[in-house]
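Okay, here's what each chain looks like letter by letter:
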Protein chains: 2
Amino acid sequence: MYFHEAETLERGKLEELQVQRLKKTIEQAANSPYYSEVFKKNSIDPSVIKTADDITKLPFTTKDDLRSQYPYGLLTQPLDNFVRLHASSGTTGTPTAILYTQKDLDTWADLMARSMYSVGLRKSDIFQNMSGYGLFTGGLGIHYGAERLGCLTVPAGAGNTKRQIKLIRDFNVTGLHIIPSFALYFAAKVREEGFDPAEMPWKVALIGAEPHTEHTRRKIEELMHIKAYNSYGLSEMNGPGVAFECLEQNGMHVWEDSYIAEIINPETGEHVADGEVGELVMTTLTREGMPIIRYRTRDLTRFIPGECKCGRTSRRIDRIMGRADDMLILKGVNIYPMQIEKIIMGIPEVGQNYLIELIKEGLMDQIRVKVEIKEEYFIEDMRALQGIQKKIAGMLRDEILITPRVELVQHNSIPKSEGKAVRVVDLRDEE
Amino acid sequence: MYFHEAETLERGKLEELQVQRLKKTIEQAANSPYYSEVFKKNSIDPSVIKTADDITKLPFTTKDDLRSQYPYGLLTQPLDNFVRLHASSGTTGTPTAILYTQKDLDTWADLMARSMYSVGLRKSDIFQNMSGYGLFTGGLGIHYGAERLGCLTVPAGAGNTKRQIKLIRDFNVTGLHIIPSFALYFAAKVREEGFDPAEMPWKVALIGAEPHTEHTRRKIEELMHIKAYNSYGLSEMNGPGVAFECLEQNGMHVWEDSYIAEIINPETGEHVADGEVGELVMTTLTREGMPIIRYRTRDLTRFIPGECKCGRTSRRIDRIMGRADDMLILKGVNIYPMQIEKIIMGIPEVGQNYLIELIKEGLMDQIRVKVEIKEEYFIEDMRALQGIQKKIAGMLRDEILITPRVELVQHNSIPKSEGKAVRVVDLRDEE
Ligand SMILES: [Zn+2]
Ligand SMILES: [Zn+2]
């Protein structure tokens, strides 16, 4: 059961469509002050694109480019034709702004509706959007998608937990959009109000607004008694609805009829090998007002090799593993802290916290990972502890291709940092 | 220049249209559990409506009726057909909920677009919606209208004053939706940030979300250097866009092709004489999913007699003068505190505050109005003060048909209450 025929297009046909739309996108983009100049300088016109791989002939667009072109440099049409503006939240420095024509909003709503359909939501669902509205694309983006799908949409917004619970119960809400970090708090609140999450009417939660681990997803699913689906979006590519999990919960399908996704080595700009982690680069294929070409998202992920059981032919990306700016280069290998977190948090003996330290061993750089062990495992049996230590080191080596030092520490011995998930300390100048 | 032909329909034609749509509304409403029963009990079917006046044959619908029918009692269609829910904000007690089909949302967006057009906004305007989104209909209601009109719509939401100012300046925002009480604060903030409101790009503000006085409107216009327009709406009638001022700023045109407005004596339920203040009663004419018939809004206003210079033929209501629940009955006359406030706040010698006291004079009820006089007028010249006192008493008598006692008091001598605009103290049992 699919929402749109593009979801199951045979790969050859899909790439044909991409080529055709990429050519059109170049043609449209050439009407903007920014790309008109970039294309002139690089001798680019639609004819340079013959196959999907030819996208590498186009230059990247960075966040800084968007900033320097604020507010109108990327518009392909008179301002009069635009009906929506979303802007990044910065109050200092230059923000970025994305503008949409009515047609762009329609396309976006269709993509969002398709995304929600792919996780099992239907016209008959009652959908509560528990995300803040306003300039953040997550609010209105999901809202328009839910209405487009035909769900009874409850624009609850953020906050007011008691009222959220009341609405969910009164209207038998079956679908939620909820921020992952709020979901854990919310589950506790539901219990506090005297309700059993297992008896709440909900079935499906969209939790993609923040990068989170598989571990967090499973915890949300357990605590809320819900199926939680990850997704990927960013305002530069409209907002939510760029890539979405299907019922398989094994990677997020990029809607490749509307976006071209590439994964590059952030240092060299070259495509990485299939399945390797790198920086996600995205190109709009169906945005008329403000097309963006080869946008450097700074988000780290990888293509998941192979085909998805769901039957969709579009490629899947893995959950976001951090920011390209977080990348560590050690012994010539690119390492992303989220790779380490992912492994550590999947080990049952590990507690809440960990710390990544960059150290010197002689002249060589090395990684030391301090890992809190749950109280019940932190016993005097040295051999058992050594076993855990070895296991962690081995699993990390398989993931990051380097064998790190692993140090097991007691529960609560690592100082808790506020909010930030990735914790890296550079001690190379100190030791 | 009008947005829709219905705005200038000849009255006879307009009433024909109302009759036809009222019949259809009765027919649709009969599909809801609630009205099906009410109509059966009162032997009502579309044939009882022959002229527009026959609406008085239909029973009222009250807020309590909506509460008792929560959540689905007024729906004329399967829940599946609805795509939006707005609910009153109560967390305790039974809330009320309004549900919309896609067609209802379209109708609403059209009415909102028409409303914005009537105060001079056009497709070429840049419109910043500075209202909270979510379950409150003011946010999404105005948002959809602005997009429908084709404005570049900035969903700024509430709060974050600095960013609001930055967006307004960066994008040359020409139209605002801003809550009256926030507008006064915002004007000060703009100055604080070092900008002159007179040099801001804005031209038009919609300020209808809260009842406010003409004095407040003029103050907003002066401080912000903007034209500020009042409007009327309530979620039971979709939300904003029920009645809207035109450029004349002299009363709000009810969009009578979509709503029938009546003004009744809240005690008797009978229509008041033309121009007299009473409770506004509203009927939807173009809502298919959840029509509401003769809804007792509890809001007090009057029809403004005569024709509007703008050429629109629809009747105008005056700004909301309070709640029917605030009504005082004195010497057989209905008095609304807002009538008194309106007069007092229009007198230049009067300061910030006043108090209405109900007292006994012998066996008779009487009103005493305590009025703070600005410092510069509160001088020792008894004759000048008596002159002011007499003037106030005379103006009040003309408005409320009773001559009240007027007591002039010093600046800041009346204790300030938080937020609430209407202040009435009943001392009849004490004196
Ligand atoms: Zn799949
Ligand atoms: Zn007029």
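Residues numbered from 1 in each chain as written. Chains lettered and ligands numbered in written order. Predicted model: local features only at pLDDT ≥ 70, side-chain atom pairs only at ≥ 80, totals over all residues. Heavy atoms only, no water.

The name given to chain A in an unreviewed UniProt entry is Phenylacetate-coenzyme A ligase, with the source organism recorded as Maridesulfovibrio salexigens. Checking UniProt for chain A, the heading Sequence similarities (unreviewed entry) contains the comment "Belongs to the phenylacetyl-CoA ligase family." The heading Function (unreviewed entry) in the UniProt record of chain A holds the text "Catalyzes the activation of phenylacetic acid (PA) to phenylacetyl-CoA (PA-CoA)." (UniProt positions renumbered as here; feature names shortened; annotations may be inferred.)

**Things to note about the coordination of the zinc ion (ligand 2)**
Residues and elements named next belong to chain B. Coordination of the zinc ion (ligand 2) by the protein comes from Cys 246 (SG), His 253 (NE2), Cys 308 (SG) and Cys 310 (SG), over a distance range of 2.1 to 2.3 Å. Of note is the zinc ion (ligand 2), whose four donor atoms meet at the metal with angles of 101 to 115° in an arrangement that counts as tetrahedral. Between consecutive donors of the zinc ion (ligand 2), the numbers of intervening residues give the motif C-x6-H-x54-C-x1-C. With Cys 246 in the loop between strand 9 (239-245) and strand 10 (252-254) and Cys 308 in the loop between strand 14 (303-304) and strand 15 (316-317), this pair connects stretches of sequence that are 62 residues apart. One exposure class covers both Cys 246 and Cys 308, and it is buried. (Donors = N, O, S within 2.8 Å, 3.2 Å for Na, K, Ca; no water. Tetrahedral: all angles 85-135°; square planar, octahedral: opposite > 155°, others 65-115°. Helix = DSSP H or I, 4+ residues; strand = E, 2+ residues; numbered from the N terminus. Buried < 20%, exposed > 50% of the residue type's maximum accessible area, 1.4 Å probe, protein only.)

**Comments concerning the packing of helix 5 (residues 137-149) of chain A against helix 5 (residues 137-149) of chain B**
Contact geometry of helix 5 of chain A with helix 5 of chain B gives a least axis separation of 14 Å together with a crossing angle of 80°. The angle between helix 5 of chain A and helix 5 of chain B falls in the class roughly perpendicular. Side by side, helix 5 of chain A and helix 5 of chain B meet where Leu 140, His 143, Tyr 144 and Glu 147 of chain A of the first sit next to Leu 140, His 143, Tyr 144 and Glu 147 of chain B of the second. For the contact of helix 5 of chain A with helix 5 of chain B, the residue count by class is four nonpolar, two polar and two charged. (Axes fitted to C-alpha atoms, helices over the stretch in contact; angles between N-to-C directions. Parallel < 35°, antiparallel > 145°, perpendicular 65-115°, else oblique. Contact = heavy atoms within 4.5 Å. Nonpolar A, V, L, I, M, F, W, Y, C, P; charged D, E, K, R; others polar.)

**So, the interface of chain B and chain A**
Counting residues at the interface gives 44 residues for chain B and 44 residues for chain A. Across the chain B to chain A interface the summed buried area is about 3,600 Å²; carbon plus sulfur atoms make up 62%. The interface formed by chain B and chain A contains two salt bridges. The shortest N-O distance in the salt bridge between Glu 147 of chain B and Arg 84 of chain A comes to 2.4 Å. The interface formed by chain B and chain A contains 22 residue pairs in polar contact (both at pLDDT 80 or more). Among the elements that make up the side of chain B that touches chain A, the one with the highest residue count is strand 1 (residues 82-87) of chain B (six residues). Each residue belonging to the side of chain B that touches chain A can be placed in one class, and the counts come to 24 nonpolar, 13 polar and seven charged. (Buried area = accessible area lost by both parts, 1.4 Å probe. Salt bridge = Lys/Arg side-chain N within 4 Å of Asp/Glu carboxyl O. Polar contact = N/O pair within 3.5 Å; in protein donor to acceptor, adjacent residues only side chain to side chain.)

**Observations regarding the domain arrangement of chain A**
Residues and elements named next belong to chain A. For chain A, the assigned domains are domain 1 (1-324) and domain 2 (327-426). With 14 residues of domain 1 in contact, the opposing surface of domain 2 contributes ten residues. Across the domain 1 to domain 2 interface the summed buried area is about 940 Å²; carbon plus sulfur atoms make up 64%. On the domain 1 side of the interface with domain 2, the three residues burying the most area are Thr 213, Val 277 and Met 321, jointly 41% of the side's total. The interface formed by domain 1 and domain 2 includes zero salt bridges. Our enumeration of links across domain 1 and domain 2 arrives at two residue pairs in polar contact (both at pLDDT 80 or more). (Domains from an automatic or database assignment.)

**With respect to the sheet that holds strand 12 (residues 278-284) of chain B**
All names here are of chain B. Strand order in this open sheet of three strands is 11-12-13, and the pairing throughout is antiparallel. Lying at the two open borders of the sheet, with one neighbouring strand each, are strand 11 (259-264) and strand 13 (295-301). Across the sheet, the mean angle separating the axes of adjacent strands is 30° when strand polarity is ignored. The pairing of strand 12 with strand 13 spans four bridges and is antiparallel. Considered in strand 13, the bridge of Val 281 is made with Arg 296. (Pairing = 2+ DSSP bridges.)

**Notes on the relation of the copies chain B and chain A**
Superposition record for chain B on chain A: RMSD 0.1 Å, screw rotation 180°, translation along axis 0.0 Å. Considering both components of the superposition, the chain copies are consistent with a two-fold axis. Relative to the rotation axis, the C-alpha of Tyr 133 of chain B is the closest in chain B, positioned 3.1 Å from it. Take the interface residues of chain B: 100% of them recur as interface residues in chain A, which is what a same-surface contact looks like. (Least-squares fit on C-alpha atoms with pLDDT ≥ 70 in both.)

**Some details on the coordination of the zinc ion (ligand 1)**
Residues and elements named next belong to chain A. Summarising the metal site, the zinc ion (ligand 1) is bound by the protein donors Cys 246 (SG), His 253 (NE2), Cys 308 (SG) and Cys 310 (SG), whose distances to it range over 2.1 to 2.2 Å. Metal-centred angles of 100 to 117° between the four donor atoms at the zinc ion (ligand 1) mark the site as tetrahedral. Taken in sequence order, the residues that donate to the zinc ion (ligand 1) follow the motif C-x6-H-x54-C-x1-C. In this pair, His 253 is assigned in strand 10 (residues 252-254) and Cys 310 in the loop between strand 14 (303-304) and strand 15 (316-317), connecting sequence segments 57 residues apart. Residue Cys 310 is classed as buried on the basis of its relative accessible area of 18%.

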